[in-house]
Amino acid sequence: FNEKLYTVPQWLNEEVKTGTTIIAVEFNGGVVLGSDSRVSAGQSVVNRVMNKLSPLHDKIYCALSGSAADAQTIAEMVNYQLDVHSMEIGEDPQVRSAATLVRNISYKYKEELSAHLIVAGWDRRGGGQVFATLKGLLTRQPFAVGGSGSSYVYGFVDAEYRKGMSKEESQQFVVNSKLDRWTDKHVDKVVVPPCLIKERNTVVTKIT
């Protein structure tokens, strides 16, 4: 019996590095977004508590993945354009309008920018909405997962997602997706409910 032939490879004992994971889910009356909080450069963690959920307007957010600088640049460009658009039309912009802007910018500068944003929010016409904007596509989905670590949670969300979940169930769904597994339990979560239509009613909380 040769023990060397049956030695467990070292890589099996190493911690799995999942990368960025972002998620957004619709519920009956709004949306919930979640993300991990780590920023890495190669194998090194350069920031453990970055908020990857960026506001595009009062009731519209995006979840960022890819290059942090590129993703934030797109979010800032869309935020500015939505503010101008909102003043021109005299009302809050639609979620689809925000997602379309993200899609157009991402595709136009696809050679220069490396980023993927999930757009989610609430408006009077469509209620809670989630849009994926990967590689020039624009698709509305009941939930969306993105980032280099998304493959680790796809099985969970496919198995556990239920249509028509309440706000509380949707929040727990995001928590249970284990975004905090490799992030020192720092997870950012944004809830966008329509309970106060005339006021900013986005609640940002830390899950610990």
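As the structure is a computational prediction, the values presented were derived from the model and not from experiment.

## So, the sheet that holds strand E6 (residues 60-66)
- In space, the 5 strands of this open sheet follow the order E5-E6-E7-E8-E9, with antiparallel pairing throughout. Pairing within the sheet leaves two strands with one partner each, and these edge strands are strand E5 (53-57) and strand E9 (139-140).
- Examined bridge by bridge, strand E8 (residues 127-132) and E9 share 2 bridges and lie antiparallel to one another. Along E9, the bridge assignment pairs Phe131 with Arg140.
- Where helix H1 (residues 68-89) meets the sheet, its contacts fall on E5, E6 and strand E7 (115-123), and the angle it forms with E5 comes to roughly 20°.
- The strands that helix H2 (residues 95-108) touches are E5, E6, E7 and E8; relative to E7, the one it contacts most, it runs at about 170°.

## Considering the packing of H1 against H2
- Where H1 contacts H2, the axes come no closer than 10 Å and their chain directions differ by 135°. With respect to each other, H1 and H2 are oriented oblique. In this structure, the crossing between H1 and H2 has a hand that is right-handed. From H1, Ile74, Met77, Val78, Gln81, Leu82 and His85 reach across to H2, where they touch Ser97, Ala98, Leu101, Val102, Ile105 and Ser106.
- Along the lines of polarity and charge, the residues of the contact of H1 with H2 split into 8 nonpolar, 4 polar and no charged.

## Concerning the pairing of strand E2 (residues 30-35)
- Within E2, 6 of the 6 residues are buried, which leaves the element mostly enclosed by the surrounding structure.
- In E2, alternate side chains face the same way, and those of Gly30, Val32 and Gly34 on one face and Val31, Leu33 and Ser35 on the other are all buried.
- One ladder, built from 6 bridges, connects strand E1 (residues 22-27) with E2; its direction is antiparallel. Residue pairing for E2: Val25 is matched across the bridge by Val32.
- Here E1 folds back onto E2, and the loop between the two strands holds 2 residues, one of which, Gly29, carries a positive phi near 125°.

## Here's the deal with H1
- An ideal rise of 1.5 Å per residue puts 32 Å on 22 residues; H1 measures up with 31 Å between its terminal C-alpha atoms.
- Considered for burial, the residues of H1 that qualify are Asp70, Ala71, Ile74, Ala75, Val78, Leu82 and Ser86. Viewed end-on, H1 has its buried residues packed into an arc of 130°, placing them on one side of the element. Projecting away from the buried face of H1 at angles above 90 degrees are the exposed residues Glu76, Tyr80, Met87 and Glu88.
- Lining the buried residues of H1 we find E5, E6, H2 and E7.
- Gly90 lies just past H1 and shows a positive phi near 75°.

## Quick notes on the pairing of E5
- By the criterion of burial, E5 is predominantly enclosed, with 4 of the 5 residues buried.
- Relative to E6, E5 runs antiparallel, the two being bridged by 4 bridges. Pairing of Pro55 across the sheet is with Tyr61, part of E6.
- Between E5 and E6, which follow one another and run antiparallel, lie 2 residues.

## Quick notes on the side chain of Ser54
- Inspection of the secondary structure puts Ser54 in strand E5.
- With relative accessibility at 18%, the residue Ser54 sits in the buried group.
- Excluding residues that lie within four positions of it along the chain, Ser54 makes contacts with Tyr61, Cys62, Leu64 and Ala75.

Rules of the game
Residues numbered from 1 in each chain as written. Predicted model: local features only at pLDDT ≥ 70, side-chain atom pairs only at ≥ 80, totals over all residues. Heavy atoms only, no water. Pairing = 2+ DSSP bridges. Helix = DSSP H or I, 4+ residues; strand = E, 2+ residues; numbered from the N terminus. Contact = heavy atoms within 4.5 Å. Axes fitted to C-alpha atoms, helices over the stretch in contact; angles between N-to-C directions. Parallel < 35°, antiparallel > 145°, perpendicular 65-115°, else oblique. Left-handed = near helix turned anticlockwise from the far one by under 90°. Nonpolar A, V, L, I, M, F, W, Y, C, P; charged D, E, K, R; others polar. Buried < 20%, exposed > 50% of the residue type's maximum accessible area, 1.4 Å probe, protein only. Expected span 1.5 Å × (residues − 1). Arc of directions from axis to C-beta.

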